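Observations on the model geometry
Residue-level listing of the chains:
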Amino acid sequence: MKVRKLLVLFLAIGLMIANCLPLAVYAEETTTVTTSDGGDINSAGLIESYSLSLSGSIRSIYITASTFGTETLAKIGFTNISVQHSYNGTSGWSTEYSLDDDIVTNTDAHYKNSEYHSVMGGYYYRVKLDHYAKEKGWFFPDSQSITNYSNAVWIPAG
């Protein structure tokens with residue numbers, strides 16, 4: 001019986017000492033990415049940098065975009081791409097048409113370099129898209145998506 005009481009006493013003392021020791025806690029590092037419209041997105045930090053710009057001529061637009069990852073990723077590129085127009089270039093944006101997702105695999109970056117598209121013209125135009133990245137991994141790989149708007153450009157109708 002004395003042995004049992006001594007064992008319980010040692011366990012109790014051991015637990016009290018263990019509760020006083022510092023404990024290292026590891027958490028996934030996150031970064032804050034500022035989007036082009038000023039919002040913050042807490043993310044897994046897969047996208048290191050990104051850009052989107054628009055230029056044009058008569059009834060034509062040219063999209064230039066890039067998404068750079070922090071490492072070689074399973075997928076990286078652009079999703080939810082829409083070409084939008086407005087009468088005044090500041091409000092009342094309407095989607096003229098959408099483009100297919102543009103995703104590449106097993107690389108750390110993806111680009112669009114002055115990609116040509118026809119438009120109706122007679123409006124201000126901008127492009128809205130999501131920069132997208134997904135890491136490699138078997139179980140629950142992280143992904144990141146950042147919505148971005150290009151500059152607005154007046155495109156003549158002809």
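Please read all numbers here as calculations on a predicted model, not as lab measurements. (Residues numbered from 1 in each chain as written. Predicted model: local features only at pLDDT ≥ 70, side-chain atom pairs only at ≥ 80, totals over all residues. Heavy atoms only, no water.)

Topic: the pairing of strand β4 (residues 60–86)
In regular strands, side chains alternate between the two faces of the sheet. Where strand β3 (residues 47–57) and β4 come together, 10 bridges link them in antiparallel fashion. Across the sheet, the residue bridging to Leu 52 is Ala 65, located in β4. Hairpin geometry of β3 and β4 is characterised by an intervening segment of two residues between the two adjacent antiparallel strands and by a positive phi of about 55° at Arg 59. When β4 meets strand β6 (residues 102–118), the two strands line up antiparallel, connected through 13 bridges. Across the sheet, the residue bridging to Ile 61 is His 117, located in β6. (Pairing = 2+ DSSP bridges. Helix = DSSP H or I, 4+ residues; strand = E, 2+ residues; numbered from the N terminus.)

Some details on a nonpolar patch on the surface
Judged by side-chain polarity, Trp 138, Phe 139 and Phe 140 come together as a nonpolar surface patch covering roughly 580 Å² of accessible area. According to the relative accessible area criterion, Trp 138 is exposed, its value standing at 80%. (Patch = residues over 30% accessible without salt bridge, like charges linked within 9 Å, V, L, I, M, F, W, Y side chains within 5 Å. Areas by Shrake-Rupley, 256 points an atom, 1.4 Å probe, with all protein chains shown as cover. Salt bridge = Lys/Arg side-chain N within 4 Å of Asp/Glu carboxyl O. Buried < 20%, exposed > 50% of the residue type's maximum accessible area, 1.4 Å probe, protein only.)

Brief notes about the environment of Asp 142
For Asp 142, the position within the fold is in the loop between β7 (123–134) and β8 (143–149). Each C-alpha atom of the pair Asp 142 and Leu 46 lies 8.2 Å from the other, and the pair is 96 residues apart in sequence.

Things to note about the confidence of the model for the chain
In the predicted model, the chain carries a mean pLDDT of 82, and the fraction of residues at 70 or more is 72%. Contacts from residues 20–42, a stretch scored under 50 in pLDDT, to residues over four places away or in other chains number 31 contacts. (pLDDT = per-residue confidence, 0-100. Contact = heavy atoms within 4.5 Å.)

Topic: the nonpolar core
Membership of the largest hydrophobic core comes to 16 residues, with the highest contact counts inside it found for Leu 54, Ile 61, Ile 63, Val 83, Tyr 125, Val 127 and Leu 129. Elements represented by at least two residues in this core include exactly β3, β4, β7 and β9 (153–155). For this core, the element with the most residues is β4, which contributes six residues. Those residues within four positions of Ile 63 in sequence are excluded, and the remaining contacts are Leu 52, Ser 53, Leu 54, Leu 99, Lys 112, Asn 113, Ser 114, Glu 115, His 117 and Val 127. The next biggest cluster of nonpolar side chains, apart from the first, holds seven residues, and it includes Leu 46, Ile 47, Tyr 50 and Leu 73. (Core = buried A, V, L, I, M, F, W, Y, C linked by side-chain atoms within 4.5 Å.)

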